[in-house]
Amino acid sequence: RPHFDMVGGELCVEGLPLATLARQFGTPLFVYSKAAMLESLAAYRRGFAGRNASICYAMKANSSLGVLQVFARAGCGFDIVSGGELERALAAGAAPGDIIFSGVGKTRAEMARALQVGIGCFNVESEAELEVLSEVATAAGKSAQVSIRVNPNVDPKTHPYISTGLKGNKFGVAHERALHAYQRAAALPGLKVVGIDCHIGSQITTQAPYLDAMDRILDLVESVEAAGIPLPHIDFGGGLGIDYNGDEPPKADALWSALFAKIDSRGFGDRKFMIEPGRSLVGNAGVCVTEVLYLKPGEQKNFCIVDAAMNDLPRPAMYQAFHAIVPLRQGNGPSSVYDVVGPVCESGDWIGHGRALAVDQGDLLAVMSAGAYCMSMASNYNTRGRAAEVLVDAGKAHLIRERESPADQMRSERLLP
Ligand code: LLP
(Lines give C-alpha, C1' and ligand atoms only; values in the text may rest on other atoms or scores of the structure.)
Protein backbone atom coordinates (compact mmCIF):
# COMPACT_ATOMS: atom_id res chain seq x y z
CA ARG A 1 0.00 0.00 0.00
CA PRO A 2 1.60 3.29 -1.02
CA HIS A 3 2.88 5.27 1.99
CA PHE A 4 2.42 2.28 4.33
CA ASP A 5 5.80 0.55 4.32
CA MET A 6 7.93 -1.71 6.46
CA VAL A 7 10.95 0.31 7.58
CA GLY A 8 13.52 -1.54 9.71
CA GLY A 9 10.98 -4.29 10.44
CA GLU A 10 8.30 -1.81 11.57
CA LEU A 11 5.16 -0.81 9.68
CA CYS A 12 5.24 2.93 9.07
CA VAL A 13 2.92 5.52 7.56
CA GLU A 14 4.76 8.23 5.65
CA GLY A 15 7.87 7.13 7.56
CA LEU A 16 6.22 7.36 10.99
CA PRO A 17 6.01 4.08 12.96
CA LEU A 18 2.36 3.14 13.48
CA ALA A 19 3.31 1.70 16.88
CA THR A 20 4.36 5.18 18.03
CA LEU A 21 0.96 6.56 17.03
CA ALA A 22 -0.81 3.68 18.80
CA ARG A 23 1.15 4.43 22.01
CA GLN A 24 0.32 8.12 21.75
CA PHE A 25 -3.37 7.87 20.83
CA GLY A 26 -4.40 4.38 21.97
CA THR A 27 -6.16 1.63 20.07
CA PRO A 28 -8.24 0.89 18.09
CA LEU A 29 -6.92 3.76 16.00
CA PHE A 30 -7.61 4.68 12.39
CA VAL A 31 -4.58 6.19 10.69
CA TYR A 32 -4.76 7.88 7.29
CA SER A 33 -2.08 9.11 4.91
CA LYS A 34 -2.86 12.39 3.20
CA ALA A 35 -0.23 11.69 0.54
CA ALA A 36 -1.95 8.40 -0.32
CA MET A 37 -5.30 10.17 -0.71
CA LEU A 38 -3.85 12.85 -2.95
CA GLU A 39 -2.06 10.25 -5.06
CA SER A 40 -5.32 8.41 -5.76
CA LEU A 41 -6.94 11.71 -6.66
CA ALA A 42 -4.04 12.52 -8.99
CA ALA A 43 -4.62 9.29 -10.94
CA TYR A 44 -8.17 10.43 -11.78
CA ARG A 45 -6.91 13.91 -12.62
CA ARG A 46 -4.35 12.46 -15.04
CA GLY A 47 -7.20 10.61 -16.71
CA PHE A 48 -9.15 13.86 -17.03
CA ALA A 49 -6.24 16.02 -18.23
CA GLY A 50 -7.36 18.53 -20.83
CA ARG A 51 -11.06 17.86 -20.15
CA ASN A 52 -13.74 19.90 -18.49
CA ALA A 53 -14.17 17.55 -15.55
CA SER A 54 -14.93 17.56 -11.88
CA ILE A 55 -14.35 14.97 -9.20
CA CYS A 56 -16.95 14.83 -6.45
CA TYR A 57 -15.66 12.76 -3.55
CA ALA A 58 -18.41 10.31 -2.45
CA MET A 59 -18.12 11.18 1.20
CA LYS A 60 -20.11 8.18 2.40
CA ALA A 61 -16.80 6.31 2.10
CA ASN A 62 -15.27 8.39 4.89
CA SER A 63 -16.97 11.52 6.10
CA SER A 64 -14.61 12.56 8.88
CA LEU A 65 -14.09 16.32 8.74
CA GLY A 66 -10.31 16.12 8.45
CA VAL A 67 -10.60 13.78 5.47
CA LEU A 68 -13.17 16.06 3.84
CA GLN A 69 -10.83 19.02 4.33
CA VAL A 70 -8.11 17.24 2.37
CA PHE A 71 -10.43 16.86 -0.61
CA ALA A 72 -12.00 20.31 -0.28
CA ARG A 73 -8.56 21.94 -0.24
CA ALA A 74 -7.54 19.84 -3.23
CA GLY A 75 -10.44 21.38 -5.14
CA CYS A 76 -12.82 18.42 -5.15
CA GLY A 77 -16.57 18.64 -5.08
CA PHE A 78 -18.63 16.29 -2.93
CA ASP A 79 -21.27 13.67 -3.61
CA ILE A 80 -23.64 13.65 -0.64
CA VAL A 81 -26.57 11.38 0.23
CA SER A 82 -28.13 13.05 3.26
CA GLY A 83 -28.69 16.34 5.02
CA GLY A 84 -26.10 15.24 7.56
CA GLU A 85 -23.48 14.81 4.85
CA LEU A 86 -24.40 18.24 3.47
CA GLU A 87 -23.69 19.90 6.83
CA ARG A 88 -20.42 17.99 7.19
CA ALA A 89 -19.27 19.00 3.71
CA LEU A 90 -20.07 22.65 4.41
CA ALA A 91 -18.32 22.47 7.80
CA ALA A 92 -15.20 21.15 6.04
CA GLY A 93 -15.16 24.08 3.60
CA ALA A 94 -16.83 22.60 0.53
CA ALA A 95 -18.01 25.06 -2.10
CA PRO A 96 -21.82 24.55 -2.19
CA GLY A 97 -21.89 24.82 -5.97
CA ASP A 98 -19.58 21.79 -6.18
CA ILE A 99 -21.90 19.54 -4.18
CA ILE A 100 -24.14 16.98 -5.85
CA PHE A 101 -26.91 15.20 -3.97
CA SER A 102 -27.53 11.50 -4.73
CA GLY A 103 -29.86 9.01 -3.06
CA VAL A 104 -33.28 7.46 -3.55
CA GLY A 105 -34.96 8.96 -0.49
CA LYS A 106 -34.27 12.68 -0.20
CA THR A 107 -36.72 14.37 2.16
CA ARG A 108 -38.36 17.74 1.52
CA ALA A 109 -36.38 19.22 4.40
CA GLU A 110 -33.11 17.96 2.88
CA MET A 111 -34.06 19.36 -0.52
CA ALA A 112 -34.99 22.75 0.96
CA ARG A 113 -31.70 23.04 2.85
CA ALA A 114 -29.70 22.01 -0.22
CA LEU A 115 -31.51 24.63 -2.32
CA GLN A 116 -30.96 27.24 0.37
CA VAL A 117 -27.19 26.74 0.34
CA GLY A 118 -27.13 26.46 -3.46
CA ILE A 119 -25.82 23.00 -4.26
CA GLY A 120 -24.73 22.28 -7.82
CA CYS A 121 -27.01 19.40 -8.75
CA PHE A 122 -29.63 16.97 -7.50
CA ASN A 123 -29.12 13.48 -8.88
CA VAL A 124 -32.80 12.56 -9.03
CA GLU A 125 -33.61 8.86 -8.72
CA SER A 126 -37.33 8.63 -9.50
CA GLU A 127 -40.17 10.41 -11.26
CA ALA A 128 -41.93 10.95 -7.93
CA GLU A 129 -38.82 12.71 -6.62
CA LEU A 130 -38.91 15.08 -9.62
CA GLU A 131 -42.43 16.17 -8.68
CA VAL A 132 -41.53 16.78 -5.04
CA LEU A 133 -38.32 18.62 -5.89
CA SER A 134 -40.25 20.84 -8.28
CA GLU A 135 -42.72 21.69 -5.51
CA VAL A 136 -40.02 22.38 -2.93
CA ALA A 137 -38.01 24.54 -5.35
CA THR A 138 -41.05 26.51 -6.51
CA ALA A 139 -42.15 27.13 -2.92
CA ALA A 140 -38.66 28.42 -2.11
CA GLY A 141 -38.53 30.57 -5.22
CA LYS A 142 -35.46 28.66 -6.41
CA SER A 143 -34.44 26.68 -9.41
CA ALA A 144 -33.07 23.19 -8.73
CA GLN A 145 -30.43 21.95 -11.14
CA VAL A 146 -31.16 18.32 -11.86
CA SER A 147 -29.63 15.28 -13.42
CA ILE A 148 -31.52 12.02 -13.67
CA ARG A 149 -29.81 8.91 -12.41
CA VAL A 150 -30.36 6.29 -15.03
CA ASN A 151 -30.11 2.62 -14.27
CA PRO A 152 -28.11 1.27 -17.23
CA ASN A 153 -29.05 -2.36 -16.53
CA VAL A 154 -25.67 -3.73 -17.47
CA ASP A 155 -26.12 -7.47 -18.05
CA PRO A 156 -25.75 -9.32 -14.74
CA LYS A 157 -24.70 -12.52 -16.47
CA THR A 158 -21.55 -10.95 -17.78
CA HIS A 159 -20.94 -8.81 -14.73
CA PRO A 160 -22.61 -10.50 -11.75
CA TYR A 161 -20.73 -8.43 -9.16
CA ILE A 162 -22.39 -5.20 -10.19
CA SER A 163 -24.93 -4.48 -7.59
CA THR A 164 -26.58 -1.11 -8.10
CA GLY A 165 -27.13 -0.68 -11.83
CA LEU A 166 -29.37 -3.64 -12.52
CA LYS A 167 -33.07 -3.94 -13.06
CA GLY A 168 -34.33 -5.02 -9.67
CA ASN A 169 -32.10 -2.57 -7.80
CA LYS A 170 -33.84 0.29 -6.04
CA PHE A 171 -31.56 2.88 -7.65
CA GLY A 172 -32.12 5.20 -10.57
CA VAL A 173 -34.74 5.46 -13.30
CA ALA A 174 -35.04 2.52 -15.70
CA HIS A 175 -33.28 3.08 -19.01
CA GLU A 176 -36.59 2.74 -20.89
CA ARG A 177 -38.28 5.36 -18.70
CA ALA A 178 -35.43 7.86 -18.81
CA LEU A 179 -36.58 9.85 -21.84
CA HIS A 180 -40.05 10.17 -20.35
CA ALA A 181 -38.59 11.31 -17.04
CA TYR A 182 -36.46 13.94 -18.79
CA GLN A 183 -39.49 15.26 -20.64
CA ARG A 184 -41.32 15.58 -17.36
CA ALA A 185 -38.32 17.30 -15.73
CA ALA A 186 -38.09 19.78 -18.60
CA ALA A 187 -41.80 20.60 -18.24
CA LEU A 188 -41.89 21.03 -14.45
CA PRO A 189 -41.47 24.48 -12.88
CA GLY A 190 -38.49 25.06 -10.61
CA LEU A 191 -36.26 22.47 -12.29
CA LYS A 192 -33.40 22.97 -14.70
CA VAL A 193 -31.96 19.90 -16.43
CA VAL A 194 -28.16 20.06 -16.37
CA GLY A 195 -27.01 16.50 -16.91
CA ILE A 196 -27.32 12.76 -16.68
CA ASP A 197 -25.78 10.31 -14.24
CA CYS A 198 -25.48 6.63 -13.45
CA HIS A 199 -23.75 4.40 -10.94
CA ILE A 200 -23.27 0.73 -11.63
CA GLY A 201 -21.80 -0.52 -8.38
CA SER A 202 -18.83 -0.50 -6.12
CA GLN A 203 -15.57 -2.45 -5.83
CA ILE A 204 -15.55 -3.17 -9.55
CA THR A 205 -12.21 -4.53 -10.66
CA THR A 206 -12.59 -4.93 -14.42
CA GLN A 207 -13.02 -2.45 -17.21
CA ALA A 208 -15.81 -4.09 -19.25
CA PRO A 209 -18.82 -3.05 -17.13
CA TYR A 210 -17.75 0.57 -17.23
CA LEU A 211 -17.45 0.49 -21.02
CA ASP A 212 -20.87 -1.17 -21.35
CA ALA A 213 -22.49 1.35 -19.03
CA MET A 214 -20.92 4.26 -20.91
CA ASP A 215 -22.40 2.95 -24.18
CA ARG A 216 -25.83 2.79 -22.59
CA ILE A 217 -25.54 6.30 -21.17
CA LEU A 218 -24.31 7.79 -24.43
CA ASP A 219 -27.28 6.17 -26.23
CA LEU A 220 -29.53 8.07 -23.86
CA VAL A 221 -27.67 11.36 -24.23
CA GLU A 222 -28.38 11.01 -27.93
CA SER A 223 -32.08 10.32 -27.55
CA VAL A 224 -32.72 12.91 -24.81
CA GLU A 225 -30.96 15.61 -26.81
CA ALA A 226 -32.83 14.58 -29.95
CA ALA A 227 -35.99 15.35 -27.95
CA GLY A 228 -34.68 18.90 -27.47
CA ILE A 229 -33.31 18.61 -23.92
CA PRO A 230 -29.59 19.44 -23.77
CA LEU A 231 -27.42 17.50 -21.30
CA PRO A 232 -24.38 19.63 -20.51
CA HIS A 233 -22.82 17.17 -18.08
CA ILE A 234 -22.31 13.43 -17.88
CA ASP A 235 -21.75 12.04 -14.38
CA PHE A 236 -20.42 8.51 -14.46
CA GLY A 237 -20.95 7.69 -10.79
CA GLY A 238 -18.59 6.00 -8.36
CA GLY A 239 -15.00 5.07 -8.75
CA LEU A 240 -12.90 2.00 -9.19
CA GLY A 241 -12.42 -0.94 -6.90
CA ILE A 242 -9.25 -1.22 -4.85
CA ASP A 243 -6.73 -3.91 -4.00
CA TYR A 244 -7.87 -5.66 -0.82
CA ASN A 245 -6.46 -9.11 -1.45
CA GLY A 246 -4.37 -9.06 -4.60
CA ASP A 247 -7.22 -7.54 -6.63
CA GLU A 248 -6.05 -5.75 -9.76
CA PRO A 249 -8.55 -3.04 -10.67
CA PRO A 250 -7.79 -0.97 -13.76
CA LYS A 251 -5.86 2.23 -13.09
CA ALA A 252 -8.02 5.35 -13.12
CA ASP A 253 -6.02 7.03 -15.87
CA ALA A 254 -6.05 3.92 -18.09
CA LEU A 255 -9.80 3.42 -17.60
CA TRP A 256 -10.55 7.00 -18.47
CA SER A 257 -8.47 6.98 -21.61
CA ALA A 258 -10.54 3.97 -22.76
CA LEU A 259 -13.78 5.73 -21.80
CA PHE A 260 -12.78 8.96 -23.53
CA ALA A 261 -11.92 7.06 -26.69
CA LYS A 262 -15.53 5.88 -26.70
CA ILE A 263 -16.95 9.28 -25.77
CA ASP A 264 -14.92 11.09 -28.43
CA SER A 265 -15.78 8.58 -31.13
CA ARG A 266 -19.44 9.35 -30.50
CA GLY A 267 -18.89 13.09 -30.57
CA PHE A 268 -19.56 13.89 -26.89
CA GLY A 269 -16.02 14.93 -25.97
CA ASP A 270 -17.12 18.53 -25.32
CA ARG A 271 -19.30 17.70 -22.31
CA LYS A 272 -18.49 18.35 -18.71
CA PHE A 273 -17.57 15.05 -17.02
CA MET A 274 -18.16 14.24 -13.42
CA ILE A 275 -17.39 11.25 -11.26
CA GLU A 276 -18.20 10.37 -7.66
CA PRO A 277 -15.39 8.13 -6.42
CA GLY A 278 -15.29 7.17 -2.75
CA ARG A 279 -13.49 3.92 -1.94
CA SER A 280 -10.63 4.41 -4.40
CA LEU A 281 -9.72 7.82 -2.95
CA VAL A 282 -9.48 6.72 0.68
CA GLY A 283 -9.66 2.91 1.01
CA ASN A 284 -5.97 2.14 0.78
CA ALA A 285 -5.02 5.44 2.42
CA GLY A 286 -6.07 4.15 5.83
CA VAL A 287 -5.45 1.35 8.31
CA CYS A 288 -6.94 0.44 11.66
CA VAL A 289 -4.37 -0.32 14.35
CA THR A 290 -5.58 -2.76 16.98
CA GLU A 291 -4.00 -4.49 20.00
CA VAL A 292 -4.05 -8.21 20.63
CA LEU A 293 -5.91 -8.61 23.92
CA TYR A 294 -5.80 -12.39 24.24
CA LEU A 295 -4.73 -15.48 22.35
CA LYS A 296 -7.14 -18.31 22.87
CA PRO A 297 -6.00 -21.63 21.43
CA GLY A 298 -8.80 -24.10 20.85
CA GLU A 299 -9.44 -27.62 19.69
CA GLN A 300 -10.94 -26.58 16.40
CA LYS A 301 -9.73 -23.02 16.08
CA ASN A 302 -7.32 -20.55 17.56
CA PHE A 303 -8.70 -17.13 18.30
CA CYS A 304 -6.77 -13.91 18.29
CA ILE A 305 -8.96 -11.48 20.22
CA VAL A 306 -8.23 -7.86 19.40
CA ASP A 307 -9.59 -4.57 20.69
CA ALA A 308 -11.20 -3.55 17.37
CA ALA A 309 -14.55 -5.10 16.52
CA MET A 310 -17.41 -5.22 14.07
CA ASN A 311 -18.59 -1.85 15.32
CA ASP A 312 -15.29 -0.36 14.08
CA LEU A 313 -14.77 -2.59 11.04
CA PRO A 314 -18.20 -3.75 9.85
CA ARG A 315 -17.21 -4.91 6.35
CA PRO A 316 -16.21 -8.51 7.20
CA ALA A 317 -19.45 -9.09 9.15
CA MET A 318 -21.62 -7.35 6.55
CA TYR A 319 -20.08 -8.47 3.26
CA GLN A 320 -17.67 -11.26 4.24
CA ALA A 321 -15.08 -8.76 3.08
CA PHE A 322 -11.35 -9.46 3.24
CA HIS A 323 -8.97 -7.04 4.90
CA ALA A 324 -5.30 -7.94 5.17
CA ILE A 325 -4.04 -8.08 8.77
CA VAL A 326 -0.38 -7.27 9.34
CA PRO A 327 1.63 -7.24 12.59
CA LEU A 328 3.24 -3.83 13.10
CA ARG A 329 6.53 -5.56 13.97
CA GLN A 330 7.83 -8.32 11.81
CA GLY A 331 8.34 -11.19 14.23
CA ASN A 332 10.64 -14.17 13.73
CA GLY A 333 8.61 -16.50 15.91
CA PRO A 334 6.51 -19.36 14.58
CA SER A 335 3.12 -18.43 13.25
CA SER A 336 -0.22 -20.06 14.00
CA VAL A 337 -3.50 -19.82 12.18
CA TYR A 338 -6.07 -17.64 13.91
CA ASP A 339 -9.51 -16.28 13.51
CA VAL A 340 -9.03 -12.62 14.34
CA VAL A 341 -12.09 -11.51 16.28
CA GLY A 342 -13.28 -8.55 18.33
CA PRO A 343 -14.83 -8.25 21.80
CA VAL A 344 -18.44 -7.80 20.60
CA CYS A 345 -20.91 -10.42 21.77
CA GLU A 346 -21.73 -11.91 18.38
CA SER A 347 -20.19 -14.80 16.50
CA GLY A 348 -20.40 -12.55 13.44
CA ASP A 349 -17.84 -10.26 15.05
CA TRP A 350 -14.80 -11.32 13.10
CA ILE A 351 -12.17 -9.32 11.23
CA GLY A 352 -10.29 -12.12 9.50
CA HIS A 353 -10.70 -15.88 9.26
CA GLY A 354 -7.83 -18.36 9.13
CA ARG A 355 -4.92 -15.91 9.21
CA ALA A 356 -1.38 -17.13 9.77
CA LEU A 357 0.13 -14.73 12.29
CA ALA A 358 3.20 -14.73 14.53
CA VAL A 359 1.70 -12.78 17.43
CA ASP A 360 1.72 -12.50 21.19
CA GLN A 361 -0.65 -10.90 23.62
CA GLY A 362 -0.08 -7.14 23.61
CA ASP A 363 1.17 -7.01 20.01
CA LEU A 364 -0.22 -4.48 17.60
CA LEU A 365 -1.81 -5.35 14.26
CA ALA A 366 -2.80 -3.20 11.31
CA VAL A 367 -6.05 -4.00 9.55
CA MET A 368 -5.28 -2.78 6.06
CA SER A 369 -7.45 -1.00 3.46
CA ALA A 370 -9.53 0.48 6.25
CA GLY A 371 -9.85 4.04 4.95
CA ALA A 372 -13.20 3.52 3.20
CA TYR A 373 -16.52 2.33 4.60
CA CYS A 374 -15.10 1.56 8.04
CA MET A 375 -15.26 4.63 10.29
CA SER A 376 -18.18 5.97 8.25
CA MET A 377 -20.12 2.76 8.97
CA ALA A 378 -18.94 2.43 12.58
CA SER A 379 -21.56 2.07 15.29
CA ASN A 380 -21.80 2.13 19.06
CA TYR A 381 -22.97 -1.46 19.37
CA ASN A 382 -22.19 -2.91 22.79
CA THR A 383 -21.81 0.75 23.85
CA ARG A 384 -18.34 0.78 22.41
CA GLY A 385 -17.05 4.27 21.72
CA ARG A 386 -15.99 5.04 18.20
CA ALA A 387 -12.24 4.80 17.61
CA ALA A 388 -9.92 7.80 17.37
CA GLU A 389 -8.61 8.91 13.97
CA VAL A 390 -5.24 10.36 13.02
CA LEU A 391 -4.37 11.90 9.68
CA VAL A 392 -0.69 11.96 8.80
CA ASP A 393 0.42 14.83 6.61
CA ALA A 394 4.05 14.93 5.49
CA GLY A 395 5.09 12.72 8.39
CA LYS A 396 3.22 14.80 11.00
CA ALA A 397 0.29 13.23 12.88
CA HIS A 398 -2.92 15.20 13.42
CA LEU A 399 -5.63 13.85 15.69
CA ILE A 400 -8.78 14.45 13.61
CA ARG A 401 -11.21 12.64 15.90
CA GLU A 402 -10.95 11.98 19.59
CA ARG A 403 -11.89 8.61 20.93
CA GLU A 404 -15.57 8.69 21.79
CA SER A 405 -16.31 8.57 25.53
CA PRO A 406 -19.34 7.03 27.27
CA ALA A 407 -20.46 10.62 28.04
CA ASP A 408 -20.29 11.46 24.30
CA GLN A 409 -22.49 8.49 23.59
CA MET A 410 -25.10 9.43 26.18
CA ARG A 411 -25.17 13.15 25.39
CA SER A 412 -28.38 13.17 23.35
CA GLU A 413 -30.30 10.87 25.67
CA ARG A 414 -32.66 11.94 28.44
CA LEU A 415 -33.34 10.05 31.67
CA LEU A 416 -36.96 9.44 32.57
CA PRO A 417 -38.36 11.78 35.25
N1 LLP B 1 -22.05 7.35 -6.16
C2 LLP B 1 -23.12 6.67 -5.76
C3 LLP B 1 -24.45 7.08 -6.25
C4 LLP B 1 -22.99 5.56 -4.90
O5 LLP B 1 -24.07 4.87 -4.55
C6 LLP B 1 -21.71 5.19 -4.44
C7 LLP B 1 -21.54 4.05 -3.52
C8 LLP B 1 -20.60 5.96 -4.86
C9 LLP B 1 -20.81 7.03 -5.72
C10 LLP B 1 -19.21 5.66 -4.43
O11 LLP B 1 -18.78 4.42 -4.91
P12 LLP B 1 -17.25 3.96 -4.73
O13 LLP B 1 -16.39 4.88 -5.54
O14 LLP B 1 -16.92 4.07 -3.28
O15 LLP B 1 -17.23 2.57 -5.21
N16 LLP B 1 -20.43 -0.09 2.12
C17 LLP B 1 -20.01 -0.81 0.94
C18 LLP B 1 -19.98 0.07 -0.30
C19 LLP B 1 -21.29 0.72 -0.64
C20 LLP B 1 -21.21 1.64 -1.83
C21 LLP B 1 -22.50 2.34 -2.06
N22 LLP B 1 -22.48 3.34 -3.07
C23 LLP B 1 -18.67 -1.47 1.22
O24 LLP B 1 -18.14 -1.31 2.33
O25 LLP B 1 -18.12 -2.16 0.37
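Residues numbered from 1 in each chain as written. Predicted model: local features only at pLDDT ≥ 70, side-chain atom pairs only at ≥ 80, totals over all residues.

For the rest of this paragraph, the subject is the overall build of the chain. Helices and strands together make up the secondary structure of the chain, namely 12 helices and 21 strands. Whereas a compact globule of 417 residues would reach a radius of gyration of roughly 22 Å, the chain reaches 23 Å, a difference of no more than 12%. Based on the C-alpha atoms only, the size of the chain along its principal axes is roughly 70 × 60 × 40 Å. The proportion of buried residues among the 417 residues of the chain is 46%. In the chain, of all internal contacts separated by at least 6 residues, the share reaching a separation of at least 24 is 70%. (Helix = DSSP H or I, 4+ residues; strand = E, 2+ residues; numbered from the N terminus. Rg over C-alpha atoms; globule rule 2.2 N^0.38 Å. Buried ≥ 20, exposed ≤ 12 C-beta atoms within 10 Å, placed from the backbone. Contact = placed C-beta atoms within 7 Å.)

When we look at burial in helix α5 (residues 108-117), the residues that qualify are Glu-110, Met-111, Ala-114 and Leu-115. For α5, the buried positions fall inside an angular range of 130° around the axis, keeping them on one side. Exposed and oriented more than 90 degrees from the buried face of α5 are Arg-108, Ala-109 and Gln-116. Close packing links the buried residues of α5 with α4 (83-91), β7 (99-101), α6 (127-140) and β9 (144-151). Where α5 ends, the next residue or the one after it, Gly-118, has phi of about 85°, a positive value. (Arc of directions from axis to C-beta.)

Interhelical geometry of helix α2 (residues 34-47) versus helix α9 (residues 252-265) gives an angle of 20° and a closest axis separation of 7 Å. Between α2 and α9, the crossing angle belongs to the class labelled roughly parallel. Crossing of α2 against α9: the hand is right-handed. Between α2 and α9, the contacting residues are Ala-43, Tyr-44, Arg-46 and Gly-47 on the first element and Ala-252, Asp-253, Leu-255, Trp-256 and Ser-257 on the second. Residue classes in the contact of α2 with α9 are distributed as five nonpolar, two polar and two charged. (Axes fitted to C-alpha atoms, helices over the stretch in contact; angles between N-to-C directions. Parallel < 35°, antiparallel > 145°, perpendicular 65-115°, else oblique. Left-handed = near helix turned anticlockwise from the far one by under 90°. Nonpolar A, V, L, I, M, F, W, Y, C, P; charged D, E, K, R; others polar.)

A few words now on the domain arrangement of the chain. Domain annotation of the chain identifies domain 1 (4-32 + 283-410) and domain 2 (34-282). Each of domain 1 and domain 2 was reduced to a C-alpha centroid, and the two centroids are 32 Å apart. The interface is formed by 22 residues belonging to domain 1 together with 21 residues belonging to domain 2. Of all the secondary-structure elements, those providing two or more residues to the side of domain 1 that touches domain 2 are β20 (388-393) and β21 (396-401). For the side of domain 1 that touches domain 2, the class distribution of residues is 10 nonpolar, eight polar and four charged. (Domains from an automatic or database assignment.)

Counting 119 residues, the largest nonpolar core has Leu-18, Val-31, Leu-133, Val-146, Ile-148, Ala-366 and Val-367 as its most contacted members. Among the elements that take part in this core, helix α8 (residues 208-226) stands out by supplying seven residues, more than any other. In terms of domain composition, this core takes at least three residues from each of domain 1 (4-32 + 283-410) and domain 2 (34-282). Once residues lying within four places of it in the same chain are set aside, the contact partners of Val-31 are Val-13, Leu-18, Leu-21, Gly-286, Val-287, Val-289, Val-390 and Val-392. (Core = buried A, V, L, I, M, F, W, Y, C linked by C-beta atoms within 7 Å.)

With respect to spatial proximity, 19 residues lie near the ligand, and among them Ser-202, Gly-238, Gly-278, Arg-279 and Tyr-373 are the closest. Of all elements in the fold, only α10 (279-282) and α11 (315-319) reach the threshold of two or more residues within the shell around the ligand. Looking at the shell around the ligand residue by residue, the classes come out as five nonpolar, 10 polar and four charged. A domain split of the shell around the ligand shows at least three residues from each of domain 1 (4-32 + 283-410) and domain 2 (34-282). (Near = placed C-beta within 6 Å.)

Feature annotation in UniProt assigns "binding site: substrate" (unreviewed entry) to the following positions: Arg-279, Arg-315, Tyr-319, Glu-346 and Tyr-373. Taking the farthest pair of C-alpha atoms as the criterion, the annotated set spanning 95 residues is dispersed, since that pair is 27.0 Å apart. Among the secondary structure elements, Glu-346 is positioned in the loop between β17 (336-341) and β18 (350-357). On the basis of neighbour count, Glu-346 is assigned to the partly exposed category, with 14 C-beta atoms found within 10 Å. When you line up the elements, Tyr-373 lands in the loop between β19 (364-367) and β20. Apart from the residues lying within four places of it in its own chain, the contact partners of Tyr-373 are Ala-61, Arg-279 and Arg-315. (UniProt positions renumbered as here; feature names shortened; annotations may be inferred.)

The subject of this paragraph is the sheet that holds strand β3 (residues 16-17). Read across the sheet, three strands follow the order β1-β2-β3 without closing on themselves; strand pairing throughout is antiparallel. Since the sheet does not close on itself, it has two edges, and those belong to β1 (4-7) and β3, each with one partner. Pairing of strand β2 (residues 10-13) with β3, which is carried by two bridges, proceeds in the antiparallel orientation. In the sheet register, Cys-12 faces β3, and the bridge partner there is Pro-17. (Pairing = 2+ DSSP bridges.)

Attention now moves to the confidence of the model for the chain. Residue-level pLDDT values for the chain average 95, and 97% of them are 70 or greater. As a predicted assembly, this complex carries a pTM of 0.97 together with an ipTM value of 0.99. (pLDDT = per-residue confidence, 0-100.)

Further remarks concern the environment of Ala-139. On the secondary structure map, Ala-139 appears in helix α6. A residue is classified by how many C-beta atoms lie within 10 Å of it, and Ala-139, with 12 of them, is exposed. When the C-alpha positions of Ala-139 and Tyr-32 are compared, they lie 43 Å apart, and in sequence the two are 107 residues distant.

Within the secondary structure, Ala-208 sits in helix α8. Take Ala-208: there are 12 C-beta atoms within 10 Å of it, and that puts it in the exposed class. Along the backbone, Ala-208 and Leu-255 are 47 residues apart, and their C-alpha atoms lie at a distance of 9.8 Å.

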